[in-house]
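Architecture at a glance
Chain by chain, the residues:
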Amino acid sequence: MVDDASKKDEAKLWGGRFSEKLNPTMETFNASLSFDKRLWDVDIRGSYAYVKALEKCNLVSSDESKSLLLGLSQIAGEWASNKFVIKNDEDIHSANERRLKEIIGNEIGGKLHVGRSRNDQVATDERLWLREQATVLKSLLLSFVKISCQRAKAEVDILMPGYTHLQRAQPIRWSHWMLSYAWYFHNDANKLEDVISRMNVCPLGSGALAGNPFHIDRDLLAKELGFSGCMPNSLFAVSDRDFIAEFLFWASLLSTHLSKWAEDLILYSSKEFGFVTIADGYSTGSSLMPQKKNADSLELIRGKTGRLIGNCVGFLVVLKGLPSAFNKDLQEDKEPLFDTYYSLVEILQIACGILETLKVNKESCLSALSPEMLATDVAYYLVRKNLPFREAHKIAGEVVALAEKEKCPVSELTVTQLKELSELFSEDISSIWNYEHSVEQYQAFGGTAKVNIELQVQQLEQWISDSQILTTQV
Ligand code: ARG
């Protein structure tokens, strides 16, 4: 056994029982500082709270507590001003502790970690970090919904084809299409709140796995850190990463909605549809074909969604099959977490920008409507004359077939021709051949009539203002 001090790695938090240095490749393989340094702020805040709890159970004196807090705030200052010097540190927890000892000395600095483990520490840091970032995501979602509402009000008179199976189905309001996505994002924002409220419990004070032997006041820790309570089992507390899995799934579902929205707009902005024009600021050209204007922004939203879903699935595979308590596999939670979060912020910023600046082409939307899209209205016309719907549907189908045979639009069939299919047709059929009339008949709550657009906008705007009040209260 080699026991040469020069070969030891004294600087490691766990160096005591080792007689050889870490293999250099293993050193890099093991380290997480390059990506977990973004937890510096929450890591220090967790330590502030821990110092207070240590003082309360007399593990540090009040002078020692002052010196620890002062040292920690100096470290925070160094990180904030980009002056923190990274050395051969394994992770953010080791880096902050190493620096603390440099500033206030080993004797007092070495007391901070009593009863604490990086296992309860990292779980706490990540919860604090995600809780804060969630407010950024929530406010971006609110902005998206706000823009949708503003446009929905201003552009309520624009009619367009609604599609099923990507075939022209029935006329709808453009605003109704826009608000359909606003509702997805409304629900996504509410689901995020649920994820955060489940996550907002404190693991700190659970030690490595068995708990804390010094009667540390865990309620004090939870309160100091703004958690709603303490996690009730130390093994569970140090290993539970459900909040990360839930967040990654939430993000995958949100980005799936954004991807569908992007896909609609990619189609609508093509020459074939021509319903919208994406602003130059969110488009790019071709290096070969001078006429091209591509909706790269929307394609990237659609494409990045694949990566976000991958992050979620990849992390579930990391969790699957782990034995109880902390395993180093859990360090693999951070890269997908950060990647998903920062990608989502960018995606949402770009999505808001696209929606805010795109031009809707009223005339192209209108001219994509064609009279056969009113076939359902013909059936409803007959229903209003007391014919059972199935019978009405059959006759309306025959009307479409007749128009095809006569090679004319359905709206140009004469009342005499129509009467051959049903005696119920009369001159008043002419009122049916009107797209505005068509959309306005959907008066029941949730339909595409103007009154319902106004109601949706009202509800969403109310939700936005209630949410803003809540966000500022946090
Ligand atoms: N860097 C580690 C992580 O990201 C911190 C916890 C380390 N714990 C341990 N027992 N090695 O999860």
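For clarity, every value in this text was computed on a predicted model and none was experimentally measured.

Along the backbone of the chain there are 19 helices and 4 strands. For the chain, whose C-alpha radius of gyration is 31 Å, the value lies well above the compact-globule estimate of 23 Å for 474 residues. Its C-alpha atoms give the chain principal-axis dimensions of about 105 × 55 × 40 Å. Expressed as a percentage of the 474 residues in the chain, the buried residues total 48%. Restricting to contacts in the chain with at least 6 residues of sequence separation, those with at least 24 account for 74%. Approximately 23000 Å² of the chain is accessible, and the part contributed by carbon and sulfur atoms is 55%. Put simply, the chain has 52 plus and 64 minus side-chain charges, and the middle of one group is 2 Å from the middle of the other.

Neighbouring the ligand are the residues Ser32, Asp91, His93, Arg118, Asn119, Val122, Phe326, Gln331 and Lys334. Take glutamine 331: an N or O atom from its side chain is 2.8 Å from a nitrogen atom of the ligand. Coverage of the ligand by the protein amounts to 86% of the 340 Å² it exposes when considered alone. At 3 residues, helix 7 (residues 118-154) tops the list of elements feeding residues into the shell around the ligand. Broken down by class, the residue content of the shell around the ligand amounts to 2 nonpolar, 4 polar and 3 charged.

Relative to strand 2 (residues 167-173), strand 1 (residues 159-164) runs antiparallel, the two being bridged by 6 bridges. When the bridges of strand 2 are listed, leucine 159 appears paired with arginine 173. Between the antiparallel neighbours strand 1 and strand 2 lie 2 residues, among them histidine 165 with a positive phi of about 55°.

To continue, consider the environment of leucine 166. With respect to the element layout, leucine 166 can be found in the loop between strand 1 and strand 2. For leucine 166, a relative accessible area of 51% puts it in the exposed group. Sequence separation between leucine 166 and glutamate 155 is 11 residues, and the spatial gap between their C-alpha atoms is 23 Å.

Okay, empty space enclosed by the protein next. As enumerated under the stated definition, the model contains 1 cavity of 30 Å³ or more in all. Computed from the structure, the largest cavity encloses a volume of approximately 50 Å³. Considering the residues around the largest cavity, the lining is formed by Asp43, Ser47, Leu72, His93, Asn96, Glu97, Leu100, Leu112, Arg116 and Gln121. Split by residue class, the lining of the largest cavity holds 3 nonpolar, 4 polar and 3 charged.

Between helix 12 (residues 296-319) and helix 13 (residues 334-357), the shortest axis-to-axis distance is 10 Å and the interhelical angle comes to 160°. On the basis of their axis angle, the class for helix 12 and helix 13 is roughly antiparallel. Between helix 12 and helix 13 lies a crossing of left-handed hand. Contacts from Ser297, Leu298, Ile301, Lys304, Arg307, Leu308 and Asn311 in helix 12 reach Pro336, Asp339, Thr340, Ser343, Leu344, Glu346, Ile347, Ile350, Ala351 and Ile354 in helix 13. Grouping the amino acids of the contact of helix 12 with helix 13 by side-chain chemistry returns 9 nonpolar, 4 polar and 4 charged.

What follows deals with unusual backbone geometry. Positioned with a positive phi, alanine 325 is a non-glycine residue whose angle comes to about 65°. Structurally, alanine 325 can be placed in the loop between helix 12 and helix 13. The residue asparagine 386 is not glycine, and still its phi comes out positive at about 80°. Inspection of the secondary structure puts asparagine 386 in the loop between helix 15 (375-384) and helix 16 (389-406).

Reading guide: rules and limits
Residues numbered from 1 in each chain as written. Predicted model: local features only at pLDDT ≥ 70, side-chain atom pairs only at ≥ 80, totals over all residues. Heavy atoms only, no water. Helix = DSSP H or I, 4+ residues; strand = E, 2+ residues; numbered from the N terminus. Rg over C-alpha atoms; globule rule 2.2 N^0.38 Å. Buried < 20%, exposed > 50% of the residue type's maximum accessible area, 1.4 Å probe, protein only. Contact = heavy atoms within 4.5 Å. Areas by Shrake-Rupley, 256 points an atom, 1.4 Å probe, with all protein chains shown as cover. Lys, Arg positive; Asp, Glu negative; His and termini not counted. Charge placed at Lys NZ, Arg CZ, Asp CG, Glu CD. Near = heavy atom within 4 Å. Polar contact = N/O pair within 3.5 Å; in protein donor to acceptor, adjacent residues only side chain to side chain. Nonpolar A, V, L, I, M, F, W, Y, C, P; charged D, E, K, R; others polar. Pairing = 2+ DSSP bridges. 1 Å grid on protein atoms, 1.4 Å probe; cavity = no way out; pocket = protein on both sides within 12 Å on 5 of 7 lines; lining within 4 Å. Points joined across faces, edges and corners; volume = space filled by probe spheres on them. Axes fitted to C-alpha atoms, helices over the stretch in contact; angles between N-to-C directions. Parallel < 35°, antiparallel > 145°, perpendicular 65-115°, else oblique. Left-handed = near helix turned anticlockwise from the far one by under 90°.

Purely geometric numbers; function is a separate question.
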